[in-house]
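Residue-level structural notes
Read off the chains here:
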Amino acid sequence: MKIKPGPISRRTQVYEVQAHYMAKAIYSLVDAYSREFRPNTELTLEIFYRFRGLNEYKQFEEAAFVCGFVCTDYSRFFPLDKAHERPLEVIPSLSFSKLRHYIHTLQRAEKWNSEYSGSLWTAVQCGALSLVARRLESDQSLYEINDEYDEEEI
């Protein structure tokens, strides 16, 4: 086996270890947010730069790429407003491909609106991103069943 060149597409497989690492990066960002800011802090430009300067912010961005959540072939953005207005309704109902699209859209909004994007801030503040992490970590409906090994063979 060799390293495969080329971009990640939405058809590129995401492995369990990548999903768990993405969840870990999300939890780290949420924890850093909780340490640094009050729950209902208004996002001013100064606060935005402090948030964007967090190591955990950079780790989230890197994890989104490395773990295969940022893809080259999404033609539209995920509707973040719906997820952020009603996270307890929207996030639990999303398939893995839609969760992936959600993270992709968050990361792209941060990159393309780098002068002052509130998308990731809002995702953390409203709890939507924590719900995504929880699902990536423990929602077995997102995972393929691994029946590669028969117990009698082991």
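What you see is a predicted model, and the numbers here were worked out from it, not measured in a lab. (Residues numbered from 1 in each chain as written. Predicted model: local features only at pLDDT ≥ 70, side-chain atom pairs only at ≥ 80, totals over all residues. Heavy atoms only, no water.)

1. Quick look at a nonpolar patch on the surface
A grouping of Leu-45, Tyr-49 and Tyr-116 is seen on the molecular surface, where their side chains present a nonpolar patch of about 290 Å² in accessible area. Relative to the assigned elements, Tyr-116 resides in the loop between α6 (96-112) and α7 (119-125). For Tyr-116, a relative accessible area of 40% gives the class partly exposed. (Patch = residues over 30% accessible without salt bridge, like charges linked within 9 Å, V, L, I, M, F, W, Y side chains within 5 Å. Areas by Shrake-Rupley, 256 points an atom, 1.4 Å probe, with all protein chains shown as cover. Salt bridge = Lys/Arg side-chain N within 4 Å of Asp/Glu carboxyl O. Helix = DSSP H or I, 4+ residues; strand = E, 2+ residues; numbered from the N terminus. Buried < 20%, exposed > 50% of the residue type's maximum accessible area, 1.4 Å probe, protein only.)

2. A closer look at the packing of aromatic side chains
One pass over the full model with this rule turns up nine aromatic pairs. Taken together, a centroid distance of 5.0 Å and an interplanar angle of 75° make the contact between Tyr-33 and Trp-121 edge-to-face. Of this pair, Tyr-33 sits in helix α1 (residues 16-36) while Trp-121 sits in helix α7, placing them 88 residues apart in sequence. Residue Tyr-33 is classed as buried on the basis of its relative accessible area of 5%. The class of Trp-121 is buried, set by a relative accessible area of 2%. A centroid spacing of 6.3 Å and a plane angle of 70° characterise the contact between Phe-37 and Phe-51, whose relative ring orientation is edge-to-face. Residue Phe-37 is found in the loop between α1 and α2 (45-52), and its partner Phe-51 is found in helix α2; the two are separated by 14 residues along the sequence. The class for Phe-37 is buried, based on a relative accessible area of 7%. Taken together, the aromatic side chains of Tyr-33, Phe-37, Phe-51, Tyr-57 and Trp-121 make up a single cluster linked through ring pairs. (Phe/Tyr/Trp six-rings, centres within 6.5 Å; stacked < 30°, edge-to-face > 60°.)

3. Here's the deal with the pattern of salt bridges
The full count for this structure, using the stated rule, is six salt bridges. Glu-56 is the salt-bridge partner of Arg-35, the closest N and O atoms lying 3.3 Å from each other. Within this pair, whereas Arg-35 is found in helix α1, its partner Glu-56 is found in helix α3 (residues 55-66), the two being separated by 21 residues in sequence. Taking the relative accessible area as the measure of exposure, Arg-35 reaches 55% and is therefore exposed. Measuring nitrogen to oxygen at the nearest pair gives 3.0 Å for the salt bridge that ties Arg-86 to Glu-89. Since its relative accessible area comes to 37%, Arg-86 is described here as partly exposed. One connected set of salt bridges, linked through shared partners, spans Arg-10, Arg-11 and Asp-73.

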